[in-house]
Amino acid sequence: MADHVELRTGAYFDSVTLMQVSRTVAAAPGVEAAQVAMATELNLEVIRGMGFEVPESAPNDLVVAIRGDESGIAAGTAALETALTQKHSAASGSGGFGDAPAARTLGGAIRLSGAELGLVSVPGEHAVAEALDAVRAGVSVMVFSDNVPVEDEVRLKEAAAAADVLVMGPDCGTAVVGGVALGFANVVRAGSVGLVAASGTGAQQVMCLLDAAGVGISHCLGVGGRDLSSAVAARSTKQALAALAADPDTTSIVVVSKPPAPEVLADLETYAAGLGKPVHWATLGAGRPDLTSAVEAALAATGHEVPRDWPSWGTPEGETSNTSAAQGSSLRGLFCGGTLADEAMLVAGAVLGDIRSNIPLRPELALGADLRDAGHVVLDFGDDAMTVGRAHPMIDPSLRLERIAAEAADPTCGVLLLDLVLGHGAHADPAPELAEAVRAARATASGDGRRLDVVVSLTGSEGDPQGLEKSAALLVEAGAVVLLSNAAATREALRLLGHEAGAPSASGGDASSAGAAPATGGGAAAAGATEDESAAEAGGERLHGLLSHDLSVAAAGVSLFSEALRAQAVSVTEAAWQPPMAGTAGDLARVLADSRRDAANAEAVRRMTAAGADLVDVRPAHEVLGLERGTFLHAGPPITFDRASGPLRGALIGAMLFEGLAETAEEAEAKLEKGDGITLEPCHHRDAVGPMAGVTSPSMWVYELRDEVHDNTSWCSLNEGLGKVLRYGAYGPEVIERLTWMNTVLGPILQQAVRARVEQQGPIDVKAIIAQMLQMGDEGHNRNRAGSLMLLRELLPTMITADASSTDIAEAVRFSGANEHFFLNLGMPACKLSTLAAHGIPGSSVVTTMARNGTDFGIRVSGTGDEWFTGPANTPEGLFLGSYGPDDANPDIGDSAITETAGIGGFAMAAAPAIVKFVGGDVPFALRATQTMYEIAAGEHTAYQVPILEFRGTPTGIDVAAVARTGILPQINTGMAGRVAGTGQVGAGLVTPPEQCFTQALTALAEAAAR
């Protein structure tokens, strides 16, 4: 036998999916053991417990562990690849030709679908971000996720109240809205009883008891297990009560809760008294009725018949063991449902005394880390600490099954008390596995000469897909006693231990109805009719009509819940959710919580789209940029010559030769290395931009563009055309000759042409040209054919009248007309003006600069001022010229990514599908690329539109937080410069920034938000 263990980064799958994959791999021939799971501490403990050695890992790594012979490991690996490919394909949501990929966030799924409800079941540290998406979209949301900090829950629910939407959760396992079962929920009859539940399995128990009594429910609004705590103070419960009070299909309400904070319950009872509908209380606690008693009281109060006996299966007296030894003395309750565990401890504790637990009724009764004790123990396997990175035990019962076997071998264990919860979202057929575990446990005890009784609390209904009667029969056959009532099951366990449990209160105690006198001080008197009517009227449109609509759902997280909804014929749009970039969770939470961010980003996008871009002049750089002799601007973030890439070194050498600062390339390079009298500065530091190397020297001519809306100006050098040119790092005689001609002929002619045009008709509206070229097949970065021709159309009438020889004019016109990238050097400063307008807004996470110098990629962000955030520039992938190949290409270089920063270029590839002939890919890729960029954009451009997307505005305003959340990096189209100085262009392709730029920016935004 051999072990195969590997780690895979960037391969996230939810815990339920991986549980299914693990079973598939384990079933492969020759595999002795297998586990495929994310590398959380709990999962690593399990894997190491199986004898595997796992290397150093991070929680977002996928661990693959397979044990078997050589053929078994090969078969297991093959099964793994097949299963993961199938799961990935299903999750990707890829459709037909050019269809948009699945959204990465809940917000994206809501935007795509217009869903009325969100469902979040991602790991808890990421759940609030997804839930806030729904709240901000005006959509109620169920948060199944646990392990959410309570302060985040409060913040989320305060935001929901302001938006008049309901947050069900966090840690909300069960809800039913308009007959649609969400999360874990049973198939029960429709009726007029509304439930508000700060409990998942507690709500299921109440629903199933009502169903067994012939009474149906209108809705069950889960609110999360902590909603009735002091910290949360019933924020969602009050919203849910008000919504049900306004719902015409609801005639009475039952509040279900694990033990609430007394002061919160008292306040809630007062609140409920004014709603105008009877409210009943199934709220657990010392001295309060159990859930079954509370249901009986509610049935009696509403005029329904109370069953004499709740359903049970098996014969309590039917023990036929031939063992002579007495059974152990301790109760061991092993539960999947936390509320059922609470109820069992309350019922049994009144008889047995102290019961130790991982969810103790009193802090001093908490179990140690090993969760073991010789006395009475009740465990909740669904507790937050036991579900980190693992599926809920109602889906994956493996940990509990292991503990059942362990308890069977413990001589102090006298009775096992278990729960089994059926319904949508749960294990498809849990009874056979549990029955086998019960049978094996009893056999183990019998082999040790002991008797082990097993009692099962079975929460389910006749309509549940697993089958209530079938499940009960399997458990009885295995030797268990099965009861529908959890309280009755607990009392039966006590009886089997030899204790008199005592009968429950017949009156229902605190389970009193609003409007009736409280039986034991727990109810609340009804308010006057006028107040009731006004409250109901005010609540008529509560929660944006959630309770009256046919639901469609947007979901992020466990796909099993979406499958359960589809089985109910509910429309579901799933997000292809992935964890955020590694190490960003804390910063991301702080940035998303910044109250300034939404408005700041909206303002940034408004300014970007409102910014003008008029060509007003063409002038020498030293006149407008203040460049002194020996000062050179370059593309990208700041850099020194010793770190400069080949293309930048070549361009600087060429500029030195052009400016007459050196006679030879060797002399120029030596002076640049020495640095005396030489200053290098980013174009962006002077509000200018430069393509590729971006080198601008004092004598070069530049376009001058104005944004009169925001009183900004930007500049860019003239375009040299393609091939061996300075911007690609070439500096041979032909390069210097062309620059000299541009300096002495082209620049002055363009200056005269632009000034004459401004005088005669006004400035040239470059922004309008960009808007038109997008509708003519250009994307504004690597494809500028239409833009260049439209620009020439504007300039030609005045170019031909310039004060120059006809030969010079003809050459200038010929050069401009033959240069398909002639327009790029105007599109870039136009985009710079757009992003410059959005720069410096406190709280904004919108990127206002993306630039590369061939060594580093850098970004700047609106809310963090002029600070650069950098990482190593990636090398583009694409198509090469002639015999050039990947080894010839330099890492990404140029300020031209300002086009993507402003919403065109790679963000507008769908407008120019022919671009793929130049940069690689295919037409569907071009369409998907633009649609993917909407996921990381704060808005859409009002002027730049994509015809094939029904004239939708281009994705505009790259949001650092969205990039970190989704892991989607901005798509950039770019040319490729040769790695060796002097080579020139070697190809064109696609590239993305390094993650570090965005993680650094996110940290800075988080620090700013904390100040």
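Scroll up to find the structure.
The rules behind each value
Residues numbered from 1 in each chain as written. Predicted model: local features only at pLDDT ≥ 70, side-chain atom pairs only at ≥ 80, totals over all residues. Heavy atoms only, no water. Helix = DSSP H or I, 4+ residues; strand = E, 2+ residues; numbered from the N terminus. Buried < 20%, exposed > 50% of the residue type's maximum accessible area, 1.4 Å probe, protein only. Areas by Shrake-Rupley, 256 points an atom, 1.4 Å probe, with all protein chains shown as cover. Lys, Arg positive; Asp, Glu negative; His and termini not counted. Charge placed at Lys NZ, Arg CZ, Asp CG, Glu CD. Pairing = 2+ DSSP bridges. Axes fitted to C-alpha atoms, helices over the stretch in contact; angles between N-to-C directions. Polar contact = N/O pair within 3.5 Å; in protein donor to acceptor, adjacent residues only side chain to side chain. Contact = heavy atoms within 4.5 Å. Phe/Tyr/Trp six-rings, centres within 6.5 Å; stacked < 30°, edge-to-face > 60°.

**Some thoughts on the overall build of the protein**
Phase 1: Regarding its fold elements, the protein presents 32 helices and 37 strands.
Phase 2: Taken along the three principal axes of its C-alpha coordinates, the protein extends 115 × 75 × 45 Å.
Phase 3: The buried share of the protein, reckoned over its 1011 residues, is 61%.
Phase 4: Roughly 35,500 Å² of accessible area belongs to the protein as shown, and the carbon and sulfur atoms make up 51% of that amount.
Phase 5: Each charge sign in the protein was given a centre, from 66 positive and 121 negative side chains, and these centres are 2 Å apart.

**Thoughts on the sheet that holds strand β36 (residues 972–977)**
Phase 1: On the basis of which strands lie adjacent, the open sheet formed by 3 strands has the order β32-β37-β36 and antiparallel pairing. In the strand order of this sheet, the two ends are held by β32 (877–880) and β36, each with one partner. Taken pair by pair, the neighbouring strands of this sheet meet at an average axis angle of 25 degrees, ignoring direction.
Phase 2: In terms of strand pairing, β36 meets strand β37 (residues 985–991) through 6 bridges, oriented antiparallel. Looking across to β37, one finds that T974 is bridged to G989.

**As for the side chain of R706**
Phase 1: Here R706 lies in strand β26 (residues 701–707).
Phase 2: Within polar-contact distance, the side chain of R706 engages the side chain of D711 at 2.7 Å.
Phase 3: A distance of 2.7 Å separates the side chain of R706 from the side chain of T713, its partner in a polar contact.
Phase 4: Discounting residues that sit within four places of it in the chain, R706 has contacts with G612, A613, D614, V616, D711, N712, T713 and L833.

**Quick notes on unusual backbone geometry**
Phase 1: In this structure, the amide linkage connecting G169 to the following residue, P170, adopts the cis form with an omega of 0 degrees.
Phase 2: For P170, the position within the fold is in the loop between β6 (167–168) and β7 (174–177).
Phase 3: Not every positive phi belongs to a glycine, and M692 is a case in point at roughly 50 degrees.
Phase 4: With respect to the helices and strands, M692 occurs in the loop between β25 (688–689) and β26.

**Some details on the packing of aromatic side chains**
Phase 1: Inspection of every chain in the model, using the stated rule, returns 5 aromatic pairs.
Phase 2: Taking 5.3 Å as the distance between ring centres and 80 degrees as the angle between the ring planes, the aromatic pair formed by F144 and F184 counts as edge-to-face. One end of the pair, F144, is in the loop between β5 (140–143) and α6 (150–163); the other, F184, is in the loop between β8 (180–183) and β9 (190–198), with 40 residues separating them in the sequence.
Phase 3: Overall, F144 belongs to the buried group, its relative accessible area being 14%.
Phase 4: A ring pair is formed by W741 and F815, whose centres lie 5.2 Å apart and whose planes are at 65 degrees; its orientation type is edge-to-face. With W741 in helix α23 (residues 733–761) and F815 in helix α26 (residues 806–818), this residue pair connects regions lying 74 residues apart in the sequence.

On their own, these measurements won't tell you what the molecule is for.
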